[in-house]
2 protein chains.
Amino acid sequence: MKSASERWSRVFITSVSPRVLEGDWPIKRTVGEPVHVVAGIIVDGHDQLCAGLYVTRLGGATEEVKMTPMHNDEYTGTFIADSLGLYTYHVRAWINRYGSWHEQYERRFEAKMPASELKIELLDGAALLKEYAVNAPQEQRKKLLAFAERYVNGDIEAPLDEESLQLALSNDPQKGAVQSNPLTVEVDRKLAAFAAWYEFFPRSTSQVQGIHGTFDDAALRLERIRDLGFDIVYLPPIHPIGTTFRKGKDNHPKAKSNEPGSPWAIGSPYGGHTSVHKDLGGLPAFDRFMKTADANGLEVALDIAFQCSPDHPWIKQHPEWFKKRADGSIRSAENPPKKYQDVYPLDFECADWRELWEALKNVFEFWIQRGVLIFRVDNPHTKPMAFWTWCLSRLRVKHPEVIFLAEAFTRPKSMYTLAKLGFNNSYTYFTWRNTKEEITDYLTELTSTNIAEYFRPSFWPNTPDILHEYLTSGGRAAHIIRYILAATLSPIYGIYGPPYEHVIANQHPDREEYADNEKYEIRNWNWNDPESLQGLFQTVNQIRKENIAFQEFRNLKFLKIENPLMLAYSKHSDSNSIVCIVSLDPFQEQKGEIEIPLEALNLPQNSPFQMLDLLKGERYIWQGRFHMIHLNPHSMPARIFQVMPRVRTEADFDYFV
Amino acid sequence: MKSASERWSRVFITSVSPRVLEGDWPIKRTVGEPVHVVAGIIVDGHDQLCAGLYVTRLGGATEEVKMTPMHNDEYTGTFIADSLGLYTYHVRAWINRYGSWHEQYERRFEAKMPASELKIELLDGAALLKEYAVNAPQEQRKKLLAFAERYVNGDIEAPLDEESLQLALSNDPQKGAVQSNPLTVEVDRKLAAFAAWYEFFPRSTSQVQGIHGTFDDAALRLERIRDLGFDIVYLPPIHPIGTTFRKGKDNHPKAKSNEPGSPWAIGSPYGGHTSVHKDLGGLPAFDRFMKTADANGLEVALDIAFQCSPDHPWIKQHPEWFKKRADGSIRSAENPPKKYQDVYPLDFECADWRELWEALKNVFEFWIQRGVLIFRVDNPHTKPMAFWTWCLSRLRVKHPEVIFLAEAFTRPKSMYTLAKLGFNNSYTYFTWRNTKEEITDYLTELTSTNIAEYFRPSFWPNTPDILHEYLTSGGRAAHIIRYILAATLSPIYGIYGPPYEHVIANQHPDREEYADNEKYEIRNWNWNDPESLQGLFQTVNQIRKENIAFQEFRNLKFLKIENPLMLAYSKHSDSNSIVCIVSLDPFQEQKGEIEIPLEALNLPQNSPFQMLDLLKGERYIWQGRFHMIHLNPHSMPARIFQVMPRVRTEADFDYFV
């Protein structure tokens, strides 16, 4: 018969967190960010437990972190994932047999039990030490056996020497140890968790009205975008555009001969997903643009849309990659009875799916080789989840620095699943969450539930596809409000820049998108309008960079403010505390009484503290919980306060007199 | 190369509920209770999905339940587990290829696309029908092929006949189907989810002062207990009691010669865990008692405490089952420096653990054979979780009607784990939750989190081990309050009856338990005191039985009442709505304004409704949300209202005039 401990254990791991609750997916962290692991571990009776956290970088060695017992049978350990890529971690736990014996022995000794009794107990301790000695390093084995001998000889004071405890701890054979299933964490660059994106169409950057801009024109815009504090410039597709069924102004079914077409109708005889539109200057101009971006400390995000215009080279080279109708013609994208004849979807289930999938992965590889490390993936929810799982995991193993943003505006389960399976960033419903209740509910879901472990939201007040009525009717104040909300509620945000900074928000009569849409025509923008919102961008981006509280997402807490048109929230990280108050009314002045949670922000109950308004640079001295705030949409509909925990008053200086 | 669908699927099951979130444990239900399964299922694009729920009783056939699409990519299906024991269930999902084609075809047809176009689409439909026909039953195969032929022949109206859709649905080869991991549900008797327990010591039932009662005396008490509306009588251990180190009055270290000892010091030369104390009349008297209980419709719960007095037969027969000290003596229970010399714990890790475990399981088997189907297990958290997992699962497979109540007053993780691994009922912290905030927080945790799927709380205002100061100082009103809370907050509750009904609540000076504790002495109780709380017991038990809202746990909702010493809650099931209002102040009258959630209780906004106070039998006509309630602890500190949705007013009768 086998000994009991070979078959079962008294130790029981009840839970390990953080983890994704549904499915075996990794949680997400960034390089240098700590992972605080908490395990519930129980044992019958009162024995002491030991627990360790074991962390392995993919293909690397396993590191052990000692876990510390907290209250309520919880044990914690923290590791810092200091390089990119996938880590696994699991918890191992066992009974600290010698420690349990030792603690009980000390209690017996202190209670002055008779020496005859103590000597009997000592023999149990000796037996344990002999067992522990078997596999101990020679030096420690000797010491363990020396202790054991003193116990056998009845030296009742010997265990009081704490060295036996230390020796035993480091040589515990961990009999009956149990371990949890491995969990995983995907470690990204910091930029995957904290970034400001600026979207613009390179073809609209020419200094000459109506002329197709090139990457060299676009490169001239980068310095200013850098100066405004953005981190990433995101470009709609840069590939050759098809001419067959090309769309005209505002999605008109027939383009005029001089109209440039939609960049999402990818592919022409000049090339497809790995080519650059010749009017943009081709690959050489793109390479120069990348260099300028790099010199300015900016990264470039490309739009990858896996669909083809009827003129895409793949149509002829790989007709088998497209769905056919029974008459042999290629099936265009459609939502019967509507047909989108300028775009052919790919058939991910075709007989040659392996080759197709490989080719699509190689599109990413091609741009990664040219220095692009960030991809905004168009409509990933219309391609199989299995494809993305395969494609992203393979790319990330080779290039863990790459960041994928999922442009999936669809139902929640698909959006969350794309994040689970590997997208590092995700578009959200932020654009449609405009009331206090909508914003509070949505942000609470994103920051306070299990979703926060794997879904990193990117907040966009506008995109070329989405212009909300709030911006159209609310004008400049609405643009300020939505910009400040995006940039302060979420560490990752972006704007479709040119129309936003100029507060150009004419809605298309039929659709929730811009009129005179840049998707179908070349626009000319004034890149240096002093009336634009560029000053606000610069200020807010600087505030974000200087206050680490903005660089975390899960630290968001909503505060009470007695006005349904005003939103208040705090963000608190280490020593940095922020309180934001935003009016949601772009038309009228609003006032409301905010309640400051003094304890949570480490503020004094009965003495003053300073609030520094980072937008205006003004300081206020406050005391107590309740403060009336007035916000005027025509000057500044928001306050971003840095909370200063302590005010120096004259009394402070009196001490030195 | 294999076709795509043999390797991966476009369908993705994101979640299935109900399930236990941490660990592969069964959820709990009772016979006849529906299990509402909700699955999140997604697919790229707009294809229709089919989903089925597959339910298998352990060792039985698998039943399929069609799942219905709801909003937000959720699919639901319900099964009723109509027999006891373990069921598994899983979800299977696949693309409804013909249905998707058919829907698109109809849209094309309705949009009056040219017949030439429609005829091309028809060929796709025909191909699908031919594929579906391959494995269809002959009759249906013929019909499917007939449709296919009409399609091939260009009959553009043929698909409008919905029969093709029905035929296809029932013969879908389910290409690319995926299925979820199986989940499990443990199905118990209704009594495991709704029961009133009455605890008493059979030895205190003699009609002669100071004489050891027998099971025949105890049997005389059953009719009254049945009449009071209780379902289960629970008896402390009934076995022979050891004499070595026997405890005297109130746990005195030395018993006098006439003192009976604690029933938990199990075992004497007359027998151990499968014997009945001879002064109780031995097994024959016990069997007669069981018959009387059965005749009264009562079930008997035995207390199983796996520990031995030094006189237990196992000490001699199986010395290897006990922990030894190094001098060879058996180690008694201890918490150094304290020793509990009247009790020896069993060594679940001994070399002969298999035999020991088998013997312990056979203790349950022995009593099950004698008709006992309910066990209150003493201190299960001091025995290995692995033992209980093994023991309970084996017993339940053979005897799925058996119910185990875990008497574990310990930290939450151990209590919840015992429930997960198989205990059907659990003691709780209810006894120590006395304020409004404590009760609200604890009940919210128990009813509204994942815990509610596997942990069935049993609320006890008192036990022989626990007498809370609230009862001691609050007297009769406190006893009424805590009784009504237990019986109306939780479908399962129990009382240690005799001292409770007589409001005898003298606390031991050193411990939170009764003085003159019945654990160590025989008490005499007046079983028919008209001043006792028996009338309250009878009324409340009847209310519970007549109102199905009390027979469910997860339907509890707390209501707003503007007084921190008053608690209000509703319970709503089908057509039965209850509102309870309880004062937590046993000393002074309290009043508070309650807010009735009219919508949740299906009550009219602008017309009156009736509230029937089930405790007093009085009716009130209310209208609107807000109502002032006065509660007097000296008359009745609670109201239990049955909500009547509609009041007949004279106006109703006018119609008939």
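Conventions and cut-offs
- Residues numbered from 1 in each chain as written.
- Chains lettered and ligands numbered in written order.
- Predicted model: local features only at pLDDT ≥ 70, side-chain atom pairs only at ≥ 80, totals over all residues.
- Heavy atoms only, no water.
- Pairing = 2+ DSSP bridges.
- Helix = DSSP H or I, 4+ residues; strand = E, 2+ residues; numbered from the N terminus.
- Contact = heavy atoms within 4.5 Å.
- Buried area = accessible area lost by both parts, 1.4 Å probe.
- Salt bridge = Lys/Arg side-chain N within 4 Å of Asp/Glu carboxyl O.
- Polar contact = N/O pair within 3.5 Å; in protein donor to acceptor, adjacent residues only side chain to side chain.
- Nonpolar A, V, L, I, M, F, W, Y, C, P; charged D, E, K, R; others polar.
- Buried < 20%, exposed > 50% of the residue type's maximum accessible area, 1.4 Å probe, protein only.
- Axes fitted to C-alpha atoms, helices over the stretch in contact; angles between N-to-C directions.
- Least-squares fit on C-alpha atoms with pLDDT ≥ 70 in both.
- Parallel < 35°, antiparallel > 145°, perpendicular 65-115°, else oblique.
- Left-handed = near helix turned anticlockwise from the far one by under 90°.
- Patch = residues over 30% accessible without salt bridge, like charges linked within 9 Å, V, L, I, M, F, W, Y side chains within 5 Å.
- Areas by Shrake-Rupley, 256 points an atom, 1.4 Å probe, with all protein chains shown as cover.
- Lys, Arg positive; Asp, Glu negative; His and termini not counted.
- Charge placed at Lys NZ, Arg CZ, Asp CG, Glu CD.
- pLDDT = per-residue confidence, 0-100.
- Phe/Tyr/Trp six-rings, centres within 6.5 Å; stacked < 30°, edge-to-face > 60°.
- Lys NZ or Arg CZ within 6 Å of the ring centre and 35° of its normal.

Caption draft 1: Highlighting the sheet that holds strand β12 (residues 232–235) of chain A. All names here are of chain A. The strand order β21-β20-β19-β18-β13-β12-β11-β22 describes an open sheet built from 8 strands, whose pairing is parallel. Edge positions in the sheet fall to β21 (457–458) and β22 (492–496), since each has one partner strand and no second. As paired strands, strand β11 (residues 195–199) and β12 are joined by 3 bridges and run parallel to one another. Paired with tryptophan 197 across the two strands is isoleucine 232, which belongs to β12.

Caption draft 2: Representation of the interface of chain B and chain A within the structure. Across the boundary between the two partners, chain B contributes 60 residues, which contact 60 residues of chain A. Summed over both sides, the interface between chain B and chain A buries roughly 5600 Å², with carbon and sulfur atoms accounting for 54% of that surface. In this structure, the connection of chain B to chain A is made through 20 salt bridges. In this structure, glutamate 74 of chain A engages lysine 413 of chain B in a salt bridge whose closest nitrogen and oxygen atoms are separated by 3.1 Å. Where chain B meets chain A, there are 30 residue pairs in polar contact (both at pLDDT 80 or more). Of all elements in the fold, only β1 (11–17), β3 (34–43), α1 (97–110), α2 (115–133), β15 (333–335), α9 (353–369), α10 (385–398) and α11 (412–421) of chain B reach the threshold of two or more residues within the side of chain B that touches chain A. In terms of residue class, the side of chain B that touches chain A is built from 22 nonpolar, 13 polar and 25 charged.

Caption draft 3: Molecular detail of the pairing of strand β11 (residues 195–199) of chain B. Residues and elements named next belong to chain B. Judged by how many residues are buried, β11 sits mostly within the fold: 5 of 5 residues are covered. Neither face of β11 is open: one carries Ala195, Trp197 and Glu199, the other Ala196 and Tyr198, and all of them are buried. Pairing of β11 with strand β22 (residues 492–496), which is carried by 5 bridges, proceeds in the parallel orientation. The residue of β22 that forms the bridge with alanine 196 is tyrosine 493.

Caption draft 4: Expanded view of the sheet that holds strand β23 (residues 556–559) of chain B. All names here are of chain B. One open sheet holds the 6 strands; their spatial order is β23-β24-β25-β30-β27-β28, and the pairing between them is antiparallel. A single partner strand is all that each edge strand has here, and the edge strands are β23 and β28 (618–622). Across the sheet, the mean angle separating the axes of adjacent strands is 25° when strand polarity is ignored. In this structure, β23 lies alongside strand β24 (residues 566–573), joined through 4 bridges in antiparallel fashion.

Caption draft 5: Inspection of the relation of the copies chain B and chain A at higher detail. The transformation that overlays chain B on chain A combines an axial shift of 0.0 Å with a rotation of 180°, and the residual RMSD is 0.0 Å. The relationship between the two copies is best expressed as a two-fold rotation axis. Taking C-alpha positions as reference, the residue of chain B nearest the rotation axis is leucine 21 of chain B, located at 3.6 Å. Interface overlap between copies: 100% of the residues of chain B at the interface are likewise at the interface in chain A, consistent with a symmetric, same-surface contact.

Caption draft 6: Representation of the pairing of strand β24 (residues 566–573) of chain A. Residues and elements named next belong to chain A. Across the 8 residues that make up β24, a large majority, 7, are buried. Between strand β23 (residues 556–559) and β24, which pair antiparallel one after the other, the connecting turn spans 6 residues. With 8 bridges joining them, β24 and strand β25 (residues 576–583) adopt antiparallel strand pairing. Residue pairing for β25: methionine 566 is matched across the bridge by serine 583. Turn length for the β24-β25 hairpin, with the two strands adjacent in sequence and antiparallel, is 2 residues, and the turn residue aspartate 574 shows positive phi of about 50°.

Caption draft 7: The environment of aspartate 82 of chain B, seen in detail. Residue and element names in this part refer to chain B. In this fold, aspartate 82 is placed in the loop between β7 (74–80) and β8 (85–95). Sequence separation between aspartate 82 and glycine 32 is 50 residues, and the spatial gap between their C-alpha atoms is 5.0 Å. Residues contacting aspartate 82, with those up to four places away along its chain left out, are Val31, Gly32 and Tyr87.

Caption draft 8: View of the packing of helix α13 (residues 469–489) of chain A against helix α15 (residues 534–546) of chain A. Residue and element names in this part refer to chain A. Here α13 crosses α15 at 20°, and the two axes come no closer than 11 Å. As far as their axial angle goes, α15 and α13 are roughly parallel. The handedness of the crossing between α13 and α15 comes out as right-handed. Facing α13, whose interface residues are Ile480, Tyr483, Ile484 and Ala487, α15 presents Leu536, Phe537, Val540, Asn541 and Arg544. Taken together, the residues of the contact of α13 with α15 break down into 7 nonpolar, 1 polar and 1 charged.

Caption draft 9: Fine view of a negative patch on the surface. A contiguous patch of negative charge on the surface is contributed by Glu437, Glu438, Asp441 and Glu445 of chain A. By relative accessible area, which is 47% here, aspartate 441 of chain A ends up partly exposed.

Caption draft 10: Inspection of helix α11 (residues 412–421) of chain A at higher detail. All names here are of chain A. Counting buried residues along α11, 9 of its 10 residues qualify, which places the element largely inside the surrounding structure. Along α11, the positions that sit buried rather than exposed are Lys413, Ser414, Met415, Tyr416, Thr417, Leu418, Ala419, Lys420 and Leu421. Once α11 ends, the next one or two residues include glycine 422, with phi positive near 150°.

Caption draft 11: The arrangement of the side chain of threonine 417 of chain A in detail. Relative to the elements of secondary structure, threonine 417 of chain A occurs in helix α11. The class for threonine 417 of chain A is buried, based on a relative accessible area of 4%. Not counting residues within four places of it along the chain, the set of residues in contact with threonine 417 of chain A comprises Met385 of chain A together with Phe12, Thr14 and Ile42 of chain B.

Caption draft 12: Main features of the pattern of salt bridges. Per the stated rule, a full pass over the model turns up 92 salt bridges over all chains. The shortest N-O distance in the salt bridge between arginine 325 of chain B and glutamate 117 of chain A comes to 3.0 Å. Of the two residues, arginine 325 of chain B sits in the loop between α8 (313–317) and β15 while glutamate 117 of chain A sits in helix α2 (residues 115–133), which places them in two different chains. Residue class for arginine 325 of chain B comes out buried when judged on its relative accessible area of 9%.

Caption draft 13: A look at the environment of alanine 51 of chain B. Residues and elements named next belong to chain B. Looking at the secondary structure, you find alanine 51 in strand β4 (residues 49–57). Each C-alpha atom of the pair alanine 51 and valine 91 lies 6.9 Å from the other, and the pair is 40 residues apart in sequence. Other than its neighbours up to four places away in sequence, alanine 51 contacts Ile41, Lys66, Met67, Tyr75, Arg92 and Ala93.

Caption draft 14: View of the confidence of the model for chain A. The pLDDT averaged across chain A works out to 95; a share of 97% of its residues lies at or above 70. Under a pLDDT of 50 for its full length, residues 1–5 of chain A has, in the predicted model, 10 contacts with residues more than four places off or in other chains.

Caption draft 15: Here's a closer look at the environment of glycine 328 of chain A. Inspection of the secondary structure assignment puts glycine 328 of chain A in the loop between α8 (313–317) and β15 (333–335). In this structure, the C-alpha to C-alpha distance between glycine 328 of chain A and isoleucine 495 of chain A, residues 167 residues apart in sequence, is 43 Å.

Caption draft 16: Structural detail: the packing of aromatic side chains. This model, assessed by the stated rule, comprises 106 aromatic pairs over all chains. Measuring from centroid to centroid gives 6.3 Å for phenylalanine 147 of chain A and tyrosine 151 of chain A, while their planes differ by 65°, and the two rings are edge-to-face. Residue phenylalanine 147 of chain A and its partner tyrosine 151 of chain A are both found in helix α3 (residues 138–152); the two are separated by 4 residues, about one turn of the helix. When the ring of tyrosine 483 of chain B is compared with that of tyrosine 493 of chain B, the centres are 5.3 Å apart and the planes differ by 80°; the resulting orientation is edge-to-face. With a gap of 10 residues between them, tyrosine 483 of chain B in helix α13 (residues 469–489) and tyrosine 493 of chain B in strand β22 connect regions that are remote in the sequence. Residues tyrosine 483 of chain B and tyrosine 493 of chain B agree in their burial class; the two are buried. One aromatic cluster is present, built from ring pairs that chain together Trp8 of chain A together with Phe306, Phe348, Trp353, Trp357, Phe364, Phe375, Phe387, Trp388, Trp390, Phe404 and Phe423 of chain B. Arginine 482 of chain A extends its terminal NZ or CZ atom over the ring of phenylalanine 430 of chain A, reaching a point 4.0 Å from the ring centre.

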